[in-house]
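# Close look at the chain arrangement
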Amino acid sequence: MSSQIDHLLDEDRRFAPDPAFTAQAVATAELYERAKADRLGFWGDEARELLTWSKPFTEVLDWSNPPFAKWFADGELNVAYNCLDRHVEAGNGDRVALLWEGEPGDSRRITYAELTDEVKRVANVLAGLGVGEGDRVAIYLPMIPEAVAAMLAVARVGAIHSVVFGGFSADSLRSRIDDAGAKLVITADGGYRKGKVSALKPAVDQALADRNGSGVQETVEHVLVVKRGGNDVEWTEGRDLWWHDVVPEAPADHVAQGFPAENPLFILYTSGTTGKPKGILHTSGGYATQTAFTHKNVFDLHPESDVYWCTADIGWITGHSYVVYGPLANGATQVLYEGTPDAPHPGRWWEIVEKYGVTVLYTAPTAIRSFMKIGRAVPHRFDLSSLRVLGSVGEPINPEAWVWYRSVIGADRTPVVDTWWQTETGAIMVSALPGITETKPGSAQVALPGISVDVVDEEGAHVGNGNGGLLVITEPWPSMLRGIWGDPERFVETYWEKFADKGGFYFAGDGARLDEDGDVWLLGRVDDVMNVSGHRLSTAEIESALVAHEATAEAAVVGASDETTGQAVVAFVIIKESYLAEHAPEGLANDLRLWVGEQIGPIARPRDVYIVGELPKTRSGKIMRRLLRDVAEGREVGDTTTLADTAVMSVISAQVK
Ligand code: WTA
């Protein structure tokens with residue numbers, strides 16, 4: 001990480017806001033003043049202004065039992081109503097909500113009135129299936145309008161969705177269904193990815209297949225299936241229902257009931273430092289407030305004229321907050337794209353920007369870096385002049401990628417906002433505000449109005465400008481996670497215990513540096529969580545998948561820096577002698593790569609699997625991943641004096657070569 005810090009220290013390019021942009025900007029410098037003068041009053045005002053409450057709240061924050069926060073607790077609202085009906089009631093029913101583009105080139109335009117109608121029907125279907133307040137619904141869908149409708153319908157009836165990324169395996173889906181105790185699964189036959197139909201329903205069938213002996217009680221009563229891929233699917237009569245049979249038949253009247261602001265809205269699983277993904281729990285009023293506030297101010301949203309596009313999949317938090325809840329609460333018109341950036345050609349994204357006149361684009365550094373690799377000729381075949389704000393999220397953006405984004409995609413004109421946040425924070429926490437902040441390539445810069453962050457040392461003391469340390473959030477925020485589903489102890493231990501004596505610092509797990517101006521530069525994770533193409537993966541989860549293979553005796557996984565994906569998964573595996581006695585070792589490394597893909601999902605597939613004789617361990621048996629990272633990144637191996645066997649690293653280095 002030190003070379004990265006040196007590089008960042010050299011970065012002194014600055015981009016002042018364009019006065020013409022500032023003149024029309026939604027955000028104002030006064031937001032910081034207001035929030036500073038009265039943080040809770042500020043959030044209360046924003047909550048009242050941005051949302052429609054069926055019952056007004058009287059208290060903004062109840063922090064009497066930290067870290068269990070309650071925001072706007074005696075208020076009531078319906079989050080789906082806030083994203084839909086109220087825009088129709090305000091006379092904007094004809095405004096386009098979704099400009100959907102399928103990967104094969106088919107497209108649909110869906111207005112707020114149409115989306116409201118669809119969600120009401122789906123809500124009636126859910127109610128008919130006995131899904132109501134507090135029930136859990138798993139959603140395993142491609143990027144199609146029905147995914148948005150499904151999430152909103154679940155929210156509308158007061159149930160809790162758990163969206164599982166369509167790229168996850170049947171096993172991953174099953175553990176998420178079981179952990180949440182889902183009553184219903186909403187899926188599709190398949191969706192388009194890279195020019196082909198990628199099936200989804202078989203994974204649901206497999207996840208729900210006979211559990212005899214597994215000891216797990218089946219909770220799923222029904223599977224609602226959208227027809228998208230047209231691929232053949234198996235059918236379980238009585239359990240499975242086609243969306244196109246039941247949704248159009250359902251009545252289009254559905255009155256959205258208000259629910260308490262602290263009612264759960266969704267669970268979203270994310271990787272932690274242990275093998276078991278954490279079900280991050282978000283509730284309604286605070287989450288809706290902060291996603292709407294940040295979406296409006298960070299992206300300078302003018303809902304009457306902007307065409308906004310966030311490229312994230314709804315299976316990730318970015319898709320929840322900045323495809324579904326933030327934009328729709330604000331009445332935005334947005335692009336929803338089903339496929340991959342390079343299908344059927346490498347200019348597909350830029351073709352979409354031109355076709356719809358996209359004005360605000362929000363994507364990840366890994367995508368920007370892969371476009372850099374292809375070269376500017378590809379985007380420059382298209383008219384990108386509609387773009388006026390560019391956003392980045394998911395991993396540290398290196399200054400070169402930031403500058404390329406601004407100059408090649410943004411014609412040296414658009415503000416770039418690098419937004420730091422997490423599944424746990426629910427919404428953007430640290431970011432420049434376009435038109436207000438003078439931007440610095442590679443820095444996420446400043447906490448948003450109403451948000452308090454700091455960079456501290458291991459003892460929790462402020463490091464001071466010019467120093468590095470750990471990023472913490474020092475005050476509760478409206479869209480903060482409310483817990484880990486079913487595991488309050490893990491919630492306290494993971495995020496709050498490290499600095500417990502500081503009276504409520506949230507430990508984010510990220511390293512950061514404060515520059516001379518006090519701006520924040522993110523430096524990556526400080527724990528055993530990897531960030532591959534902006535996706536969080538746990539070393540422990542991949543290790544446990546590897547050791548579940550009959551050939552593996554032991555495995556250690558590290559995240560090695562990678563030019564395109566930020567980090568890449570690199571595995572070191574010891575094979576069982578008994579296995580080698582009966583099988584040839586050829587092809588085994590690749591088999592193990594594919595195995596991990598099947599166990600967790602293709603995103604977790606290691607870039608490299610090295611078969612080694614031993615792993616570097618301390619005398620107490622702890623694997624020293626730092627040394628393996630040195631090998632994986634082709635560096636001189638660091639200090640090995642604490643190893644039980646100091647010779648082991650030279651053996652490993654030789655085996656890897
Ligand atoms: C990383 C994605 C640097 C960070 C919204 C964080 C970032 C993790 C940035 C959360 C950024 C996200 N600069 N690092 N702008 N944004 N990260 O939960 O390590 O998928 O802890 O949420 O991504 O990943 P998650």
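Treat the numbers as computed from the prediction; the structure is a model and nothing was measured. In this convention, every chain numbers its residues from 1, walking through the sequence in written order. A pLDDT threshold of at least 70 governs which residues receive local features in this predicted model, and a stricter bar of 80 or more applies before side-chain atom pairs are shown or counted, although totals over entire chains, interfaces and linings include all residues. Hydrogens and waters are ignored; side-chain quantities use all the structure's heavy atoms.

In terms of regular secondary structure, the protein chain is built from 22 helices and 30 strands. Against the compact-globule benchmark of 26 Å for 657 residues, the protein chain has a radius of gyration of 24 Å, which places it among compact chains. Seen through its C-alpha atoms, the protein chain measures out along the principal axes to roughly 75 × 65 × 55 Å. By sequence separation, contacts in the protein chain at least 24 residues apart represent 71% of the contacts at least 6 residues apart. Areas reported as accessible are Shrake-Rupley estimates using a 1.4 Å probe. Residue values count occlusion only from the protein chains shown. Counting only carbon and sulfur atoms, one obtains 49% of the accessible surface of the protein chain, whose full area is about 24,500 Å². Taking the average location of the 59 positive side-chain charges in the protein chain and that of its 93 negative ones, the two points are 1 Å from each other. Note on conventions: DSSP H or I runs of at least 4 residues are helices, E runs of at least 2 residues are strands, and numbering of each starts at the N terminus. For this measure, only C-alpha atoms enter the radius of gyration; the expected value for a globule follows 2.2 Å times N^0.38, where N is the number of residues. We call two residues contacting when some pair of their heavy atoms lies within 4.5 Å. Counted as positive: Lys and Arg. Counted as negative: Asp and Glu. His and the chain ends are not counted at all. Charge positions are represented by NZ for Lys, CZ for Arg, CG for Asp and CD for Glu.

Our focus in this paragraph is the pairing of strand β15 (residues 278-283). Between buried and exposed lies partly exposed: a residue is buried under 20% and exposed over 50% of the maximum accessible area for its type, with that area taken using a 1.4 Å probe on protein chains only. Judged by how many residues are buried, β15 sits mostly within the fold: six of six residues are covered. Neither face of β15 is left uncovered, since the one carrying Lys-278, Ile-280 and His-282 and the one carrying Gly-279, Leu-281 and Thr-283 both have all their residues buried. Between any two strands, pairing holds if DSSP finds at least two bridges. Strand direction decides the pairing type here: β15 and strand β23 (residues 483-484), joined by two bridges, are antiparallel. Its bridge partner being in β23, Ile-280 is matched across the sheet by Ile-484.

Further remarks concern the pattern of salt bridges. A side-chain nitrogen of Lys or Arg and a carboxyl oxygen of Asp or Glu constitute a salt bridge if their distance falls within 4 Å. Per the stated rule, a full pass over the model turns up 39 salt bridges. The residue Arg-34 makes a salt bridge to Glu-46 at a minimum N-O spacing of 3.1 Å. On the criterion of sequence distance, the pair formed by Arg-34 in helix α3 (residues 30-37) and Glu-46 in helix α4 (residues 39-50) is long-range, its members being twelve residues apart. A residue is classified by how much of its surface remains accessible, and Glu-46, at 3% relative accessible area, is buried. Its salt-bridge partner being Arg-369, residue Glu-395 comes within 2.9 Å of it at the nearest N-O pair. Of this pair, Glu-395 sits in the loop between β19 (389-393) and α16 (399-409) while Arg-369 sits in helix α15 (residues 365-374), and the two are 26 residues apart along the sequence. The two residues Glu-395 and Arg-369 agree in class, both being buried. Through salt bridges with shared partners, one network takes in Glu-101, Arg-348, Glu-351 and Lys-355.

Right, let's talk about the UniProt feature "domain: Acetyl-coenzyme A synthetase N-terminal" (unreviewed entry) in the protein chain for a bit. UniProt positions are given in the numbering used here, feature names are shortened, and annotations may be inferred rather than shown by experiment. As recorded in UniProt, the feature "domain: Acetyl-coenzyme A synthetase N-terminal" (unreviewed entry) lies at residues 29-83. A helix fraction of 45% and a strand fraction of 11% characterise residues 29-83, whose end C-alpha atoms lie 27 Å from each other.

Here the focus is the domain arrangement of the protein chain. On domain assignment, one finds that the protein chain holds domain 1 (13-83 + 279-469 + 478-485), domain 2 (108-252) and domain 3 (533-656). All the domain ranges listed were derived from an automatic or database domain assignment. The gap between the C-alpha centroids of domain 1 and domain 2 is 28 Å. Taken together, the contact between domain 1 and domain 2 spans 23 residues of the former and 27 residues of the latter. Looking at the side of domain 1 facing domain 2, the largest losses of area belong to Ile-314, Glu-338 and Trp-485, adding up to 30% of the total buried there. Notably, a salt bridge pairs Arg-228 with Glu-338, separated by 2.6 Å at the nearest N-O pair. Pairs of N or O atoms within 3.5 Å make up the polar contacts considered here, provided that, within protein, one atom can donate a hydrogen while the other can accept it, and that residues adjacent in sequence are counted only when both atoms are side-chain atoms. In this assembly, domain 1 and domain 2 are joined by six residue pairs in polar contact (both at pLDDT 80 or more). Broken down by secondary-structure element, the contributors of at least two residues to the side of domain 1 that touches domain 2 are α5 (79-83), α13 (317-329) and β17 (333-337). Defined in terms of a 1.4 Å probe, buried area is the accessible area two parts forfeit on being brought together, summed over both.

Before going further, it helps to examine the site of the ligand. Around the ligand lies a shell of 17 residues, among which Asp-418, Thr-419, Thr-423, Asp-510 and Arg-536 are the nearest. Mapped by element, the contributors of at least two residues to the shell around the ligand are α13, β20 (416-419) and β25 (520-525). Each residue is assigned to one of three groups, with Ala, Val, Leu, Ile, Met, Phe, Trp, Tyr, Cys and Pro labelled nonpolar, Asp, Glu, Lys and Arg labelled charged, and all others, Gly among them, labelled polar. Taken together, the residues of the shell around the ligand break down into six nonpolar, six polar and five charged. To be near a molecule or strand, a residue needs just one of its heavy atoms within 4 Å of it.

This paragraph deals with the sheet that holds β20. Sheet architecture is open: seven strands sit in the order β5-β4-β17-β16-β18-β19-β20, paired in mixed fashion. Pairing within the sheet leaves two strands with one partner each, and these edge strands are β5 (107-111) and β20. Each adjacent strand pair in this sheet contributes to an overall mean axis angle of 20 degrees, direction not counted. In this structure, strand β4 (residues 96-101) lies alongside β5, joined through five bridges in antiparallel fashion. Among the inter-strand pairings, Leu-98 is bridged to a residue of β5, identified as Ile-110. To obtain each axis, a line is fitted to C-alpha atoms, and for helices this fit is confined to the stretch in contact; angles are then taken between N-to-C directions over 0 to 180 degrees. Contacting β4 and β5, helix α7 (residues 112-128) runs over the sheet at an angle of about 90 degrees to β5.

Here the focus is the pairing of strand β10 (residues 196-199). Relative to β10, strand β9 (residues 190-193) is paired through four bridges, and the arrangement is antiparallel. Note on β10: the bridge partner recorded for Arg-193 is Lys-196. Where β9 hands over to β10, the hairpin turn is made up of two residues, of which Lys-194 adopts a positive phi near 55 degrees.

A word on the nonpolar core. Counting 157 residues, the largest nonpolar core has Leu-115, Leu-152, Ile-186, Tyr-325 and Ile-542 as the members making the most contacts within it. Among the elements that make up this core, the one with the highest residue count is helix α8 (residues 145-156) (nine residues). Among residues more than four places away in sequence, those in contact with Ile-186 are Leu-126, Val-137, Ala-138, Ile-139, Tyr-140, Leu-141, Ala-150, Leu-224 and Trp-243. Think of a nonpolar core as a cluster: buried Ala, Val, Leu, Ile, Met, Phe, Trp, Tyr and Cys residues, connected wherever their side-chain atoms sit within 4.5 Å. Core analysis: the next-biggest nonpolar cluster, separate from the first, contains 31 residues, Trp-309, Val-378, Leu-384 and Ala-401 among them.

Only a minority of non-glycine residues have a phi that is not negative, and only a minority of peptide bonds are not trans. The linkage connecting Pro-66 with the following residue, Pro-67, adopts the cis geometry, with an omega of 0 degrees. In this fold, Pro-67 is placed in the loop between β1 (61-62) and β2 (70-71). Note that the residue after Ala-343, namely Pro-344, is joined by a cis bond; omega there is 0 degrees. Position of Pro-344 among the secondary structure elements: in the loop between β17 and α14 (348-356). For Phe-72, which is not a glycine, the phi torsion comes out positive at approximately 55 degrees.

For the rest of this paragraph, the subject is the packing of helix α18 (residues 539-547) against helix α20 (residues 588-599). Contact pair α18 / α20: the axes reach a minimum separation of 9 Å and the direction vectors enclose 115 degrees. The angle between α18 and α20 places the two elements in the roughly perpendicular class. In this structure, α18 crosses over α20, and the sense of that crossing is right-handed. Within the contact between the two elements, α18 uses Ile-542, Ala-545 and Leu-546 and α20 uses Leu-592, Trp-595, Val-596 and Gln-599. Grouping the amino acids of the contact of α18 with α20 by side-chain chemistry returns six nonpolar, one polar and no charged. Roughly parallel here means an angle under 35 degrees, roughly antiparallel means over 145, roughly perpendicular means 65 to 115, and every remaining angle is called oblique. By convention, the crossing between two helices is left-handed when the near helix turns anticlockwise from the far helix through less than a right angle, and right-handed when the turn is clockwise.

A few words on helix α6 (residues 85-92). Of all the positions in α6, only Asp-85, Arg-86 and His-87 are classed as buried. Where the residues of α6 are buried, they touch α4, α5, α7, α8 and α13.

This brings us to empty space enclosed by the protein. We place a 1 Å grid over just the protein atoms. Points where a 1.4 Å probe fits but has no way out form a cavity, open points with protein on both sides within 12 Å along at least 5 of 7 lines form a pocket, and any residue with an atom within 4 Å of a point lines it. Grid points are joined across faces, edges and corners, and a volume is the space filled by probe spheres set on the points. Scanning all chains against the criterion turns up four cavities of 30 Å³ or more. In terms of lining, the largest cavity is formed by Leu-77, Asn-78, Val-79, Ala-155, Gly-158, Ala-159, Phe-259, Asn-263, Pro-264, Leu-265 and Ser-284. Counted by class, the lining of the largest cavity contains seven nonpolar, four polar and no charged residues. For the lining of the largest cavity, the domains that each give at least three residues are domain 1 (13-83 + 279-469 + 478-485) and domain 2 (108-252).

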